[in-house]
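A look at the structure
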Amino acid sequence: MNAALAEAVIAGGRPVAAEAVLDARGLSFAHAGAGTVFDGISLSIRRREIVALLGSSGCGKSTLLRVLAGLETPATGEVRFLGQPQAEPHPRSALVFQQPSLLPWLKLADNVGFGLDFAHQPRAGKAALAARVAAAIEAVGLAGREGAYPAQLSGGMAQRAALGRALAREPELLFADEPFSALDAITRAEMQALLVDVVHRWHSAVLLVTHDIDEAILVADRIVLMGGRPGHLVQEWSVDIPRDREDHPDAVAELRLAILAALRHASP
Ligand SMILES: Nc1ncnc2c1ncn2[C@@H]1O[C@H](COP(=O)(O)OP(=O)(O)OP(=O)(O)O)[C@@H](O)[C@H]1O
Ligand SMILES: [Mg+2]
């Protein structure tokens, strides 16, 4: 039996793409008393694929991310993670938000390692966990700052630490909700490049929610546009521009215009 077929069988006979880390079908969600936020959303994310989710403010991007990450339960539809139905956040997923939300009383290394020994995490020895934490700190460029407390870090360093904490989980899929939007332009550009570098090295897939078309084009393999009320997925583009994309300004500008036009059209 080949690997793809084996995976389909493991998934309970339901045919899933062997390379899909996340497969969501027919999702809708409503806040109590606040109406339907989104409806009829299906989205697959392949292993190692970076998907950017763009859309105007309030269209439901963060809510969709929370449903896909297992933090909220959809009203209809199903989310599968590595072929299995997901009822809660999967231990091989990780989250990064706009605020780094580090614990102020823990040193950087302890923040990065926080939760790795929780019961729902795959069991690993102390030395293995320490090695994972050290590798994640090194990858985000914070080696030497392991003993620093969050108050001693700049905003960019704190967000690097939050990314390191996510990587230490060795995630198959990283959910990131506007992770760089609170940073200044230069730090943001550094972090975008760092994100692509580390997720390639870690072989992780990413769902990146962003307002920023340029960020989506620089970072993503595929861009998905959400819009409408209730929100739904209106269009998607594969980003076939070679990396480093800043060296291909004409292709970037062309895609930017296409996305901008669709975004205007999709905005309520
Ligand atoms: N806890 C809540 N209770 C009721 N309504 C909510 C709640 N959280 C969000 N909403 C509503 O759901 C809709 C989608 O919100 P969401 O935060 O997902 O949008 P978004 O696309 O992420 O926006 P932004 O780009 O500004 O972050 C909005 O209309 C918002 O007012
Ligand atoms: Mg949001």
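In this report, we go over the structure that sits alongside the text. (Residues numbered from 1 in each chain as written. Chains lettered and ligands numbered in written order. Predicted model: local features only at pLDDT ≥ 70, side-chain atom pairs only at ≥ 80, totals over all residues. Heavy atoms only, no water.)

**Section: the nonpolar core**
To keep it simple, the criterion reads: In these notes, a set of buried Ala, Val, Leu, Ile, Met, Phe, Trp, Tyr and Cys residues joined through side-chain atoms within 4.5 Å is what counts as a nonpolar core. When accessible area is computed with a 1.4 Å probe and restricted to protein chains, residues below 20% of their type maximum are described as buried, those above 50% as exposed, and intermediate ones as partly exposed.
Residues Leu163 and Leu174 are the most contacted members of the largest nonpolar core, which totals 38 residues. By size, the runner-up hydrophobic cluster in this structure holds 27 residues, among which are Leu22, Ile45, Val67 and Ala205.

**Some thoughts on the packing of aromatic side chains**
The criterion, for reference: Stacked, tilted and edge-to-face pairs are distinguished by plane angle, under 30 degrees for stacked and over 60 for edge-to-face with tilted covering the rest, among Phe, Tyr and Trp rings (Trp via its six-membered ring) whose centres lie within 6.5 Å.
All told, the structure shown has one aromatic pair when counted by the stated rule. Each ring, one from phenylalanine 29 and one from phenylalanine 38, has its centre 6.2 Å from the other, and the planes form 25°; the classification is stacked. In terms of burial, phenylalanine 29 and phenylalanine 38 fall into one category: buried.

**Overview of the sheet that holds strand E7 (residues 173–177)**
Short version of the rule: Should DSSP find at least two bridges between two strands, the strands are taken to pair. Strands here mean DSSP runs of E at least two residues long; helices mean DSSP runs of H or I at least four residues long; both are numbered from the N terminus. Geometry is summarised by axes, namely lines fitted to C-alpha atoms with helices restricted to the contacting stretch, and by angles between N-to-C directions that run from 0 to 180 degrees.
Here we have six strands laid out as an open sheet, ordered E6-E7-E8-E3-E9-E10, and mixed in their pairing. Edge positions in the open sheet fall to strand E6 (93–96) and strand E10 (232–238), since each of these has one partner strand only. Here the average twist between neighbouring strands, direction ignored, is 20°. Both strand E9 (residues 222–227) and E10 contribute to a ladder of six bridges, which runs antiparallel. The residue of E10 that forms the bridge with methionine 226 is leucine 233.

**Side note on helix H2 (residues 61–68)**
Among the eight residues in H2, six count as buried, and that is most of the element. Looking only at H2, the buried set comprises Lys61, Thr63, Leu64, Leu65, Val67 and Leu68. At the exit of H2 stands glycine 70, carrying a positive phi of roughly 85°.

**Overview of the site of ligand 1**
To keep things clear, this is the line we draw: Each residue is tested against the molecule or strand, and it is near if at least one of its non-hydrogen atoms lies within 4 Å. Any pair of nitrogen or oxygen atoms within 3.5 Å is treated as a polar contact; in protein, a donor-acceptor pairing is required on top of that, and neighbouring residues in sequence qualify only through side-chain atoms on both sides. Values of accessible area rely on a 1.4 Å probe in the Shrake-Rupley scheme; residue burial ignores everything except the protein chains shown. Under the grouping applied here, Gly and all other residues not named as nonpolar or charged are polar, the nonpolar ones being Ala, Val, Leu, Ile, Met, Phe, Trp, Tyr, Cys and Pro and the charged ones Asp, Glu, Lys and Arg.
Around ligand 1 there are 13 residues in total, and Ser57, Gly58, Lys61, Ser62 and Thr63 lie nearest to it. A distance of 2.8 Å separates an oxygen atom of ligand 1 from a polar side-chain atom of serine 62. Here ligand 1 has 640 Å² of accessible area as a free molecule, and 57% of this is covered by the chains. The dominant element in the shell around ligand 1, judged by the number of residues it contributes, is H2, at three residues. Across the shell around ligand 1, the residue classes break down as three nonpolar, eight polar and two charged.

**A few points about helix H8 (residues 249–266)**
The cut-off we apply is this: The span one expects for a helix is its residue count, reduced by one, times 1.5 Å. Note: the arc covers the axis-to-C-beta directions of the helix. By definition in these notes, contact holds between two residues if any of their heavy atoms fall within 4.5 Å.
With 18 residues, H8 should reach 26 Å at 1.5 Å per residue; the first-to-last C-alpha distance of 25 Å fits that figure. The complete set of buried residues in H8 reads Val252, Leu255, Ile259, Ala262, Leu263 and Ala266. The buried residues of H8 occupy an angular sector of 105° when the element is viewed end-on, so they sit on one face. Counted as exposed and oriented over 90 degrees from the buried face of H8: Pro249, Asp250, Glu254, Leu257, Arg264 and His265. At its buried positions, H8 is contacted by strand E3 (50–55), helix H7 (213–219), E9 and E10.

**Quick look at the side chain of asparagine 111**
Within the secondary structure layout, asparagine 111 lies in helix H3 (residues 108–113). The residues touching asparagine 111, leaving out its near neighbours within four places in the chain, are Leu102, Leu103, Leu106, Pro150 and Arg165.

**Some thoughts on unusual backbone geometry**
For the bond from arginine 229 to proline 230, the omega torsion is -10°, close enough to zero to count as cis. Following the sequence through the fold, proline 230 ends up in the loop between E9 and E10. The omega torsion of the bond from arginine 243 to aspartate 244 falls at 10°, within 30 degrees of zero and hence cis. Among the structural elements, aspartate 244 can be located in the loop between E10 and H8. If you check the backbone angles, leucine 82 has positive phi at about 50° while not being a glycine. With respect to the element layout, leucine 82 can be found in the loop between strand E4 (76–81) and strand E5 (84–85). Unusually for a residue other than glycine, histidine 203 sits at a positive phi of about 60°. Turning to its location among the elements, histidine 203 is positioned in the loop between helix H6 (185–202) and strand E8 (205–209). Classification of histidine 203 as partly exposed rests on a relative accessible area of 42%.

Remember that the coordinates give geometry; whether it matters functionally is a separate question.
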